[in-house]
Amino acid sequence: MTEPSIFIHKHILGIKELSPQDIHHIITTARSFREISNRPIKKVPTLRGKTVVNLFLEPSTRTRLSFEIAAKRMSADTFNLSGSSSSTRKGETLIDTARNIQAMNPDVIIMRHGRSGAPHLLGRYVDCSIINAGDGAHEHPSQALLDAMTILDHKQSLAGLKIAIVGDIAHSRVAHSNIFSFTKLGAQVCLAGPATFMPADITSLGAHVCTSVGEAVTGADVVMALRIQIERQHDPLIPSLREYAVHYGINRALLKLAKPDVLVMHPGPINRGVEMNPDVADGPWSVILDQVTNGVAVRMALLYLVLGGDKSA
Amino acid sequence: MDSLIVLKNGRVLDPAAGRDEIADLWIEDGRIIVPDSRPIAEQNCIDVSGFWVVPGLIDMHVHLREPGEEYKETIATGTAAAAAGGFTAVACMPNTKPVNDGSAVTRLIKEKSTSASAHVYPVGAISKNSDGVELAEYGEMKAHGVAAVSDDGLPVMSAQLMRRALEYAHSHGLPVITHAEDAALSKNGCMHEGVVSTRLGLPGIPAAAEAVMVCRDIALAALTGAHLHIAHVSTAASIAHLRQAKREGVPVSAETAPHYFTLTDEAVADYDTNAKMNPPLRSEADRLEIRRALSDGTLDVIATDHAPHSVLEKECEFELAANGIIGLESAVSLGLALVRDKVINETRLIELMSVNPARILGVPGGSLAAGKQADVTVIDPHHHFILTEDTLVSKSANSPFLHQPLTGRAVLTICAGRITHMLLQSMKG
């Protein structure tokens, strides 16, 4: 990608608001940062003096670690604030928290929250940039960007690719962001899972719903399995993990239906033996750990771009 | 004391009498009187030429929040907002703190209403504390002034309790107002389940959560022969059940609210909590069907479901925000939009907002006949205005209709012969 596009977004709230050019711009920037992580001294001074607050109001280990490593490799100062958004405390608490953080004048807030739209709410009360690190069942844009980047490491383009996403689409912000991203980049997105896992009118987002996993995987260039949330069983969406594994788990036999050069992806953490068999997760098709590596680069790029990196460069 | 008021040269619209003509309306000592030949002083006259003179509007579904949540609204501020919106009477739902499930709260509301700007008809609870377990004491509440019973805000999940409520209320001559929602289907939902909820990643409430309960309650009304009134109908499926029930002669009536025939789930836009209510704003197909049902008689009433909340309940994450919007001060304008869009005519609008609610609740009003209590609303159908936090009379400002041009407004409200709202000058000034 050589087009001289300018990145104008102050916040990264979702893929929905990004253009295909924006997505390519972020990935190109991320690629240029990737080698920093392979240096003996993994640090550049680009964001020296910038303050990054990790506001994680829902438990997260990987995403937070990835953002923190990204910020530190760019020499930004990072601070962590965690808590729970699941309590029934009123929203003024979130707004008060936001105002308090704002009063300390940070440059970026990276926010994880259990409720959809919480970063949008925060954005109305603070002056700094906000990067959405996952909000409810809405969006997880940095995950979708690292997924697109990982696919583009192996394929020329997403245009015309068949990408199967298997699992609990309804409760997955990863699925939502990936549907937006993959369709914007021209791929055909095929969803599979029991109907209890499908949100209403999901085809309105441009995805195709398959009647079986086999149909979704057949001829696929990419197969992505989503984590089955065991905690969600208060709402009877599936009878058992055992039955799910039999009917919807990704195994070797199923993968034979896909293209020979299929990529197997998973946003992690994997329930091995449930949504994906270990031999698939660790097999030659798997790019699951490349996703993690690219995650750091994408998050470095996002921090750089929202802080106006393009303009100072 | 001279208490004569003469409304001069208005378009008098009295659907109950089949009247639609340019005339003067005379009011004296709190009653509508037959004009006579006595000389009238200028200070007794109000020129209402170009305006409609209609029976006082009645909102049979409001939340006045008193007792218990006076920081949101009180009987005084809520009825003042009603008067400003052209209403001369409101029926207030029992989900106060404590719940109006007995004569103590009913009496408190009635006492506070003696100085209010509109007639207040309390609605008693169906069940004690609206817990859905035991019947409340309808006989005693009726003796102190309740006009209906409802557990509004909460569905009565037990079909057996609903059956008993219908039977028992029937014995006391009270309609049962049902909040039709299957709580298991709507659990955790915070907006209409559809394209928009999927796009926003918000848990949805399917249209079926309302329709299955409408269906159940119609079956129980047919079983008991008791008068069932369905509150805030929001879906096309409910309308289909309702239409069928009315055809079969089931004693059922129903209302919708202005937001359901004006907005759709798209109004949630970027998590706007002022577009959050229960039932939620539905799809465009639902909206169009609601409009059709207002026109063909399937729906009987436009009621606002005026539900004041402060910023404490609304400035927060969408899923955590309280349900409900205020509606008293925008209802006339939104109702008139139906007339401008030729969905209904003027007469039908007045039936929906005055005649029918009076009939369903069995309360005075809905008529401009001589001798009746002088509850009169004067509407300027062309009045342009914008509601803002500062101009609202209600104590709360949770409305999706703020800061946008509205057309058509009550310019004069007279409740029992007393002027409760006036945007006009009397002829003397």
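Cut-off values and rules
Residues numbered from 1 in each chain as written. Chains lettered and ligands numbered in written order. Predicted model: local features only at pLDDT ≥ 70, side-chain atom pairs only at ≥ 80, totals over all residues. Heavy atoms only, no water. Helix = DSSP H or I, 4+ residues; strand = E, 2+ residues; numbered from the N terminus. Rg over C-alpha atoms; globule rule 2.2 N^0.38 Å. Buried < 20%, exposed > 50% of the residue type's maximum accessible area, 1.4 Å probe, protein only. Areas by Shrake-Rupley, 256 points an atom, 1.4 Å probe, with all protein chains shown as cover. Lys, Arg positive; Asp, Glu negative; His and termini not counted. Charge placed at Lys NZ, Arg CZ, Asp CG, Glu CD. Pairing = 2+ DSSP bridges. Axes fitted to C-alpha atoms, helices over the stretch in contact; angles between N-to-C directions. 1 Å grid on protein atoms, 1.4 Å probe; cavity = no way out; pocket = protein on both sides within 12 Å on 5 of 7 lines; lining within 4 Å. Points joined across faces, edges and corners; volume = space filled by probe spheres on them. Nonpolar A, V, L, I, M, F, W, Y, C, P; charged D, E, K, R; others polar. Parallel < 35°, antiparallel > 145°, perpendicular 65-115°, else oblique. Left-handed = near helix turned anticlockwise from the far one by under 90°. Contact = heavy atoms within 4.5 Å. Domains from an automatic or database assignment. Buried area = accessible area lost by both parts, 1.4 Å probe. Phe/Tyr/Trp six-rings, centres within 6.5 Å; stacked < 30°, edge-to-face > 60°. Polar contact = N/O pair within 3.5 Å; in protein donor to acceptor, adjacent residues only side chain to side chain. Core = buried A, V, L, I, M, F, W, Y, C linked by side-chain atoms within 4.5 Å. Patch = residues over 30% accessible without salt bridge, like charges linked within 9 Å, V, L, I, M, F, W, Y side chains within 5 Å. Salt bridge = Lys/Arg side-chain N within 4 Å of Asp/Glu carboxyl O.

Visitor: Would you mind going over the overall build of chain A with me for this structure?
Guide: When helices and strands are tallied, chain A shows twelve helices and nine strands. Its C-alpha atoms give chain A a radius of gyration of 19 Å, near enough to 20 Å, the size a compact globule of 313 residues would have. Seen along its three principal axes, the alpha-carbon backbone of chain A occupies a region of about 55 × 50 × 35 Å. Every one of the 313 residues in chain A was classed for burial, and the buried ones make up 58%. Only carbon and sulfur atoms are counted for the fraction: they give 53% of the accessible area of chain A, which is about 12900 Å². One way to put it: in chain A the 32 positive side-chain charges average out to a point 4 Å from where the 28 negative ones average out.

Visitor: Just checking my understanding: could you explain the sheet that holds strand β1 (residues 51-56) of chain A for this structure?
Guide: Consider a sheet: its strands pair through backbone hydrogen bonds, and that pairing is either parallel or antiparallel. Residues and elements named next belong to chain A. What the four strands build is an open sheet, ordered β2-β1-β3-β4; its pairing is parallel. The sheet terminates laterally at β2 (77-82) and β4 (129-135), the two strands that pair on one side only. Neighbour-to-neighbour, the strand axes of the sheet open up by a mean angle of 15 degrees, direction not taken into account. Of the pairings in the sheet, the one linking strand β3 (residues 108-113) to β4 comprises five bridges and is parallel in character. Counterpart to valine 108 in the pairing with β4 is serine 129.

Visitor: It is not clear to me how empty space enclosed by the protein should be interpreted in this structure. Could you clarify?
Guide: For the structure shown, the criterion picks out five cavities of 30 Å³ or more. One number sums up the size of the largest cavity: a volume of about 50 Å³. Its residues assigned to classes, the lining of the largest cavity comprises four nonpolar, three polar and three charged.

Visitor: When you look at the packing of helix α4 (residues 159-171) of chain B against helix α7 (residues 208-224) of chain B in this model, what are you seeing that I'm missing?
Guide: Between two packed helices, what matters for the description is the angle formed by their axes and the separation of those axes. Residues and elements named next belong to chain B. Where α4 meets α7, the closest approach of the two axes is 10 Å, and the angle between their N-to-C directions is 45 degrees. Here α4 lies oblique to α7, going by the angle between them. When you trace α4 past α7, the crossing you get is right-handed. Residues Ala159, Met162, Arg163, Leu166 and Glu167 of α4 form the contact with α7, whose own contacting residues are Arg216, Asp217, Leu220, Ala221, Leu223 and Thr224. Across the contact of α4 with α7, the residue classes tally to six nonpolar, one polar and four charged.

Visitor: Looking at this structure, I do not really get the domain arrangement of chain B. What am I missing?
Guide: Quite often, the size of an interface is put as the accessible area lost when its parts meet. Residues and elements named next belong to chain B. Each domain of chain B was delimited in the assignment, giving domain 1 (5-52 + 372-427) and domain 2 (56-361). Between the C-alpha centres of domain 1 and domain 2 there is a distance of 26 Å. Taken together, the 35 residues of domain 1 in the interface contact 45 residues of domain 2. Regarding the contact of domain 1 and domain 2, the summed buried area is about 3100 Å², with carbon and sulfur atoms giving 64% of it.

Visitor: Hey, could you run me through the side chain of aspartate 286 of chain B in this one?
Guide: Among the structural elements, aspartate 286 of chain B can be located in helix α10 (residues 284-296). Residues in contact with aspartate 286 of chain B, not counting those within four places in the same chain, are His192, Ser234, Thr235 and Ala236 of chain B.

Visitor: Looking at this structure, I do not really get the environment of alanine 416 of chain B. What am I missing?
Guide: Residue and element names in this part refer to chain B. With respect to the secondary-structure elements, alanine 416 resides in the loop between β17 (405-415) and β18 (418-422). As for alanine 416 and isoleucine 27, which are separated by 389 residues in sequence, their C-alpha atoms are 9.5 Å apart. Filtering out sequence-adjacent residues up to four positions away, alanine 416 remains in contact with Gly30, His119, Gln373, Ala374 and Asp375.

Visitor: Help me out: how do you make sense of the packing of aromatic side chains in this one?
Guide: Aromatic ring pairs are described here by two measures, namely the spacing of the ring centres and the angle between the planes. In the structure shown here, the tally under the stated rule is four aromatic pairs over all chains. With centroids separated by 5.3 Å and ring planes inclined at 25 degrees, the aromatic side chains of tyrosine 244 of chain A and tyrosine 248 of chain A adopt a geometry described as stacked. Placement of the pair is tyrosine 244 of chain A and tyrosine 248 of chain A together in helix α8 (residues 241-248), with a separation of four residues, close to one helical turn. Just as tyrosine 244 of chain A is buried, tyrosine 248 of chain A falls in that class too. Taken together, a centroid distance of 5.3 Å and an interplanar angle of 50 degrees make the contact between tyrosine 138 of chain B and tyrosine 168 of chain B tilted. In this pair, tyrosine 138 of chain B is assigned in helix α3 (residues 138-143) and tyrosine 168 of chain B in helix α4, connecting sequence segments 30 residues apart. The class for tyrosine 138 of chain B is buried, based on a relative accessible area of 0%.

Visitor: Hey, could you run me through the interface of chain B and chain A in this one?
Guide: Facing 18 residues of chain B, the contacting portion of chain A comprises 29 residues. When the area that chain B buries against chain A is broken down by residue, the three leading residues are Thr198, Tyr271 and Glu317 of chain B, summing to 31%. Put simply, chain B and chain A have ten residue pairs in polar contact (both at pLDDT 80 or more) between them. Mapped onto the side of chain B that touches chain A, the elements with two or more residues apiece are α6 (195-200) and α11 (311-314) of chain B. The greatest single-element share of the side of chain B that touches chain A, amounting to four residues, is contributed by α6 of chain B. Along the lines of polarity and charge, the residues of the side of chain B that touches chain A split into seven nonpolar, four polar and seven charged.

Visitor: How should the nonpolar core be read in this particular structure?
Guide: For soluble globular proteins, nonpolar side chains are generally found buried alongside one another. Among the nonpolar cores identified, the biggest contains 88 residues, and Tyr138, Ile230, Leu299 and Met353 of chain B are the most heavily contacted of them. Tallying contributions element by element places helix α12 (residues 331-340) of chain B first for this core, with six residues. Each of domain 1 (5-52 + 372-427) and domain 2 (56-361) of chain B contributes no fewer than three residues to this core. In this structure methionine 353 of chain B touches Leu57, Ile58, Phe87, Ile302, Ala331 and Val332 of chain B, once residues within four positions along its chain are discounted. Ranked by size, the runner-up nonpolar core spans 65 residues in total, among them Ile15, Phe33, Leu146 and Ile202 of chain A.

Visitor: Got a minute to help me understand a nonpolar patch on the surface in this structure?
Guide: Residue and element names in this part refer to chain B. Judged by side-chain polarity, Tyr71, Val311 and Leu312 come together as a nonpolar surface patch covering roughly 270 Å² of accessible area. Tracing the backbone through its elements, the reader meets valine 311 in helix α11. Judged by its relative accessible area of 54%, valine 311 falls in the exposed class.

Visitor: When you look at the layout of surface pockets in this model, what are you seeing that I'm missing?
Guide: To find the voids left in a structure, one rolls a probe of water-molecule size over its atoms. Residues and elements named next belong to chain B. As a volume, the second largest pocket reaches approximately 1100 Å³. Along the walls of the second largest pocket sit 46 residues, with Gly153, His309, Ala321, Ala322 and Asn323 positioned nearest its centre. Those elements that provide at least two residues to the lining of the second largest pocket are α5 (183-186) and α11. Per-class residue counts for the lining of the second largest pocket are 16 nonpolar, 15 polar and 15 charged.

Visitor: Explain the pattern of salt bridges here, please?
Guide: Opposite charge on two side chains makes pairing possible when the charged atoms of those side chains draw close. The full count for this structure, using the stated rule, is 32 salt bridges over all chains. The partner of arginine 272 of chain A in a salt bridge is aspartate 282 of chain A, and the shortest N-O contact between them spans 2.9 Å. One end of the pair, arginine 272 of chain A, is in the loop between β9 (263-265) and α10 (278-281); the other, aspartate 282 of chain A, is in the loop between α10 and α11 (288-306), and ten residues separate them in sequence. Residue classification places arginine 272 of chain A among the partly exposed residues on the basis of a relative accessible area of 46%. Aspartate 282 of chain A gets classed as exposed once you look at its relative accessible area, which sits at 53%. In this structure, arginine 11 of chain B and aspartate 20 of chain B form a salt bridge, with 2.9 Å as the shortest nitrogen-oxygen distance.

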